[in-house]
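Take a look at the letters that make up each chain.
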Amino acid sequence: MAVVILDVGVEQGIGAGAQIAIFADGAEELDDFDQAAARVEVADVKLARSAARVKELSEGATIEPGAQAVLYNPGAINLRSIVRLQTEGEGALPAEAGAALRAAHDEAQFADFVQWAETEETADYIVAANEEGYYVIWDGGGEVIPRIKPLLALNDDAAPPKVIERLIHLTRFRNVQQLSNNDSRAHGLPKVTFEWLDVLDDHFYTDGDEARLLVRNDSDFDVEITILELTPDWRISQIYPEDVANSYTYSSGEQDILEFEVYIEGNDKEESSQLKLFATIKGTNFRMLELPS
């Protein structure tokens, strides 16, 4: 069985058993798995590299260096969301809407990111109906998750697949949001200062402010730095480096002050973004974690 080496690993939240689709370099439709050159399953995971066995190879296809990879089955249970359909009480879905959602899930490309809740199981997300006849997604406590647009009507046959796509998107966003370094092998490895300047502990800014972020390599060796931004409209994008490079090399003691203009979109009075810094010894690729709004 053929084995390929992937430029992702523990640092991207990849674990053994994860399933990945590989597309030709430059491919644009990365959610159309019919266009994938191959499907592989991760067998051995290192910090920034993984070895995967080829499970399927399209006829006439080859896997070339630089090919693009997309995680479609996380493998690990803790990377999946438990979703409940509201069947009674406030927000109860019509029976036909619930059936349509289950059918749409069965057909979804990234279906393994979402698992239906058992009867008494705590849910991460709940799909319900509002009084105006639209689908809504609640968090586990029953609060509507904001900034999910446009509204999808219960009587729209095209809506159920879009609801499933949104649940998958929220799951992938949450996985990146919660990604942290719990690997004991990383003890004493890259030490980096990552802090806001000219701001109080509450980290509040007003519209039009300029936010300054200090990044400094406190290690005695070179470190590769990448920064992702997670925004209120459920987008994940690499903001540093901004060009096509996957990371920026900081020599020992090197620092930079990054400047950002603060603004609030639309009519919201307050919103919050999260920045996540990744510091690695070897260059690696975090673009696999990006998501559109």
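Everything below is about the structure shown above.
This write-up is about the structure you can find in this document. (Residues numbered from 1 in each chain as written. Predicted model: local features only at pLDDT ≥ 70, side-chain atom pairs only at ≥ 80, totals over all residues. Heavy atoms only, no water.)

### A few points about the sheet that holds strand S15 (residues 255-261)
Working step 1: Overall, antiparallel pairing links the three strands, which are arranged S10-S11-S15 in an open sheet. Each edge of the sheet is formed by a strand with only one pairing partner; in this case those strands are strand S10 (192-197) and S15. Here the average twist between neighbouring strands, direction ignored, is 20°.
Working step 2: In this sheet, S15 lies alongside strand S11 (residues 210-217) in antiparallel orientation, the contact comprising seven bridges. Its bridge partner lying in S15, leucine 213 is registered against leucine 258. (Pairing = 2+ DSSP bridges. Helix = DSSP H or I, 4+ residues; strand = E, 2+ residues; numbered from the N terminus. Axes fitted to C-alpha atoms, helices over the stretch in contact; angles between N-to-C directions.)

### What to know about the side chain of glutamate 224
Working step 1: Within the secondary structure, glutamate 224 sits in strand S12 (residues 223-230).
Working step 2: Arginine 49 is the oppositely charged side chain nearest to the buried, salt-bridge-free glutamate 224, at an N-O distance of 10 Å.
Working step 3: A distance of 2.7 Å separates polar atoms of two side chains, one belonging to glutamate 224 and the other to serine 247.
Working step 4: At 2.6 Å, the side chain of glutamate 224 forms a polar contact with the side chain of threonine 249. (Buried < 20%, exposed > 50% of the residue type's maximum accessible area, 1.4 Å probe, protein only. Lys, Arg positive; Asp, Glu negative; His and termini not counted. Salt bridge = Lys/Arg side-chain N within 4 Å of Asp/Glu carboxyl O. Polar contact = N/O pair within 3.5 Å; in protein donor to acceptor, adjacent residues only side chain to side chain.)

### Remarks on the packing of aromatic side chains
Working step 1: By the definition in use, this model includes eight aromatic pairs.
Working step 2: With a centroid separation of 5.9 Å and 70° between ring planes, the pair formed by tryptophan 196 and tyrosine 205 is classed as edge-to-face.
Working step 3: For tryptophan 196, a relative accessible area of 26% gives the class partly exposed.
Working step 4: We classify tyrosine 205 as partly exposed; its relative accessible area is 24%.
Working step 5: Through a chain of ring-to-ring contacts, three or more aromatic side chains come together here, namely Trp196, Tyr205 and Phe260.
Working step 6: In this structure, arginine 39 is placed above the aromatic ring of tyrosine 72, and the distance from its NZ or CZ to the ring centre is 5.3 Å.
Working step 7: Sitting above the plane of the tryptophan 116 ring, arginine 102 keeps its charged end 5.1 Å from the centroid. (Phe/Tyr/Trp six-rings, centres within 6.5 Å; stacked < 30°, edge-to-face > 60°. Lys NZ or Arg CZ within 6 Å of the ring centre and 35° of its normal.)

### Examining the nonpolar core
Working step 1: Ranked by internal contacts, the top residues of the largest apolar core, which has 44 residues, are Leu6, Leu101, Val127, Tyr135 and Leu167.
Working step 2: Examining the composition of this core, we find that six residues originate from one element, helix H2 (residues 159-177), more than from any other.
Working step 3: Beyond its immediate stretch of four places on either side in the chain, tyrosine 135 contacts Leu93, Ala97, Leu101, Val127, Ala128, Leu152, Ala153, Leu154, Ala159, Pro160 and Val163. (Core = buried A, V, L, I, M, F, W, Y, C linked by side-chain atoms within 4.5 Å. Contact = heavy atoms within 4.5 Å.)

### Re the sheet that holds strand S9 (residues 135-139)
Working step 1: Read across the open sheet, the four strands follow the order S7-S6-S8-S9; overall the sheet is mixed. Only two strands of the sheet have a single partner each, and these edge strands are strand S7 (114-116) and S9. For this sheet the average axis-to-axis angle between neighbouring strands, irrespective of direction, equals 35°.
Working step 2: Inspection of the sheet shows strand S8 (residues 125-129) paired to S9 by five bridges, in the antiparallel sense. Directly across from alanine 128, in S9, lies its bridge partner valine 136.
Working step 3: Against the sheet, helix H1 (residues 95-107) makes contact with strand S6 (81-85), S7, S8 and S9, and its axis sits at roughly 140° relative to S7, the strand it touches most.
Working step 4: In the packing of H2 onto the sheet, the strands contacted are S6, S7, S8 and S9, and the crossing angle to S9 comes to about 20°.

### Thoughts on unusual backbone geometry
Working step 1: A cis amide bond links lysine 149 to the next residue, proline 150, at an omega of -5°.
Working step 2: Note that the residue after tyrosine 240, namely proline 241, is joined by a cis bond; omega there is -10°.
Working step 3: Structurally, proline 241 is set in the loop between strand S13 (236-240) and strand S14 (248-250).
Working step 4: Located in the positive-phi region is arginine 147, a residue other than glycine, with phi close to 60°.

### Some points on the pattern of salt bridges
Working step 1: Taken as a whole and judged by the stated rule, the model has seven salt bridges.
Working step 2: A salt bridge links aspartate 44 to lysine 46, with the nearest nitrogen and oxygen atoms 3.8 Å apart.
Working step 3: Residue classification places aspartate 44 among the partly exposed positions, given a relative accessible area of 38%.
Working step 4: Overall, the relative accessible area of 45% leaves lysine 46 in the partly exposed class.
Working step 5: The closest approach of N and O atoms between arginine 235 and aspartate 233, which form a salt bridge, is 3.8 Å.
Working step 6: By relative accessible area, which is 15% here, aspartate 233 ends up buried.

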